[in-house]
Every structure is written in structure tokens, then in C-alpha cells.
Amino acid sequence: MAMQVGEHDAGEDVPMSDINTTPLVDVMLVLLIIFLITVPVVIQSVPITLPQVRNEPTETKPENVSLTVRGGPGGTCEVYWNLTRVTNEDLLDRAVKALEEQIKRVGGIQNITEENMPEVHIRGDINTPYKCIGGTVFTMQRAGFQRVGFISQPPPGGHVERL
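Thresholds, definitions, all that
Residues numbered from 1 in each chain as written. Predicted model: local features only at pLDDT ≥ 70, side-chain atom pairs only at ≥ 80, totals over all residues. Heavy atoms only, no water. Core = buried A, V, L, I, M, F, W, Y, C linked by side-chain atoms within 4.5 Å. Buried < 20%, exposed > 50% of the residue type's maximum accessible area, 1.4 Å probe, protein only. Helix = DSSP H or I, 4+ residues; strand = E, 2+ residues; numbered from the N terminus. Contact = heavy atoms within 4.5 Å. Patch = residues over 30% accessible without salt bridge, like charges linked within 9 Å, V, L, I, M, F, W, Y side chains within 5 Å. Areas by Shrake-Rupley, 256 points an atom, 1.4 Å probe, with all protein chains shown as cover. Salt bridge = Lys/Arg side-chain N within 4 Å of Asp/Glu carboxyl O. Polar contact = N/O pair within 3.5 Å; in protein donor to acceptor, adjacent residues only side chain to side chain.

Participant: Help me understand the nonpolar core, please; the structure alone is not making it clear to me.
Facilitator: If you look at soluble globular proteins, the nonpolar side chains tend to sit buried side by side. In terms of nonpolar packing, the biggest core is built from 19 residues, with L67, W81, M140 and F145 touching the most fellow members. Those elements that place two or more of their residues in this core are strand 1 (65-71), strand 2 (77-81), helix 2 (88-105), strand 4 (120-124) and helix 3 (130-143). Counting residues per element, this core draws most heavily on helix 3, which supplies five residues. Excluding anything up to four places from it in sequence, F145 contacts V65, A95, A98, L99, P118, E119, V120 and M140.

Take a look at the structure:
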């Protein structure tokens, strides 16, 4: 309820032109309370421990497979086995053959351990589309390789900054 105090003519009603801000403030306070309560409920995440960034030197073994992946013209993917460019089918065939040779070398599947199991090391250009890297990883896992790693360039000075 608004009340006007001051001088005016007794017989003349003057329309009130001031905006009543009380309902606006009430609505804003209610919205503030609602957002304060609902934001922690909406922003939820599963509690996990993220891996720490570390720089591990690559252990080169003769049985490891070194692949280089980069994007080609027109959105195509170029995959290189050492220095030889291979197609997706050729990559799968070579990978199966390399794994079979390693199994024969160690004396059968029963002698395969984590230490003598070959690894795949993938070097990917920074501008390579994810489909190229993901397709290569999928092909190597399909061939039977369990350990697939990525080769990256350490930051200058070897210091890793945490975000």
C-alpha cells in the first residue's frame, strides 16, 4: 500500500508515478535463494582422482611398433609404419604378423608376459584429426596389441606445469 504525504489540493487526486520496487526485490531474493540451492545440485561430478602429468622416457625395444599418424589432404589419414606409409588393411595385417612373430620368438602364447609383450608407440601430429588417431588405436587393439602409448614432446627444460 502506498501513501503520499505532502501538500496537495484536497479535492484533486494526483496519480502516483513512482514504481513500487518491493515486489521486484522480493522476486530477485527468491531467485537468488533458488539458485544458491540448485547450483550445487546441478553441478555434480563423480569423484575421481585424475592422473598426474609426468614425463617418462620411452624404453625402445626391438619388438615395439612405431607408428606415425597425420592428417592428409581432404580429411584423409596417413599412417606410417616406421617410414613406410600403410593403409588401414595393411596396418592390421602387419600388426597381426608382428604379434605372431613375437609369440613364436618367446616360445608360444603361454610364455607371453607384460615385459616381453610388444607395445605400440604412436606419434601424432598436433593438427591430426582425432578420427585418425582413434582409428589407428582401434586397429592395433583389434590386431591384439594391449599396450598402446603416445609419444609427445616434453616442454622446454623438462619442467611440467600443473594447471
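So that's the structure; there's more coming.
Participant: Help me understand a nonpolar patch on the surface, please; the structure alone is not making it clear to me.
Facilitator: Together, L24, V27, M28, V30, L31, I34, F35, V39, V41, V42 and I43 make up an exposed nonpolar region whose accessible area comes to about 1100 Å². You can see V42 is positioned in helix 1 (residues 22-42).

Participant: Looking at this structure, how should I read the side chain of T139?
Facilitator: Structurally, the position occupied by T139 is in helix 3. Of note is the side chain of T139, whose polar atom sits 2.9 Å from the side chain of N88. In terms of polar contacts, T139 uses its side chain to reach the backbone carbonyl oxygen of G135, at 2.8 Å. Excluding residues within four positions of it along the chain, T139 makes contact with N88, L91 and L92.

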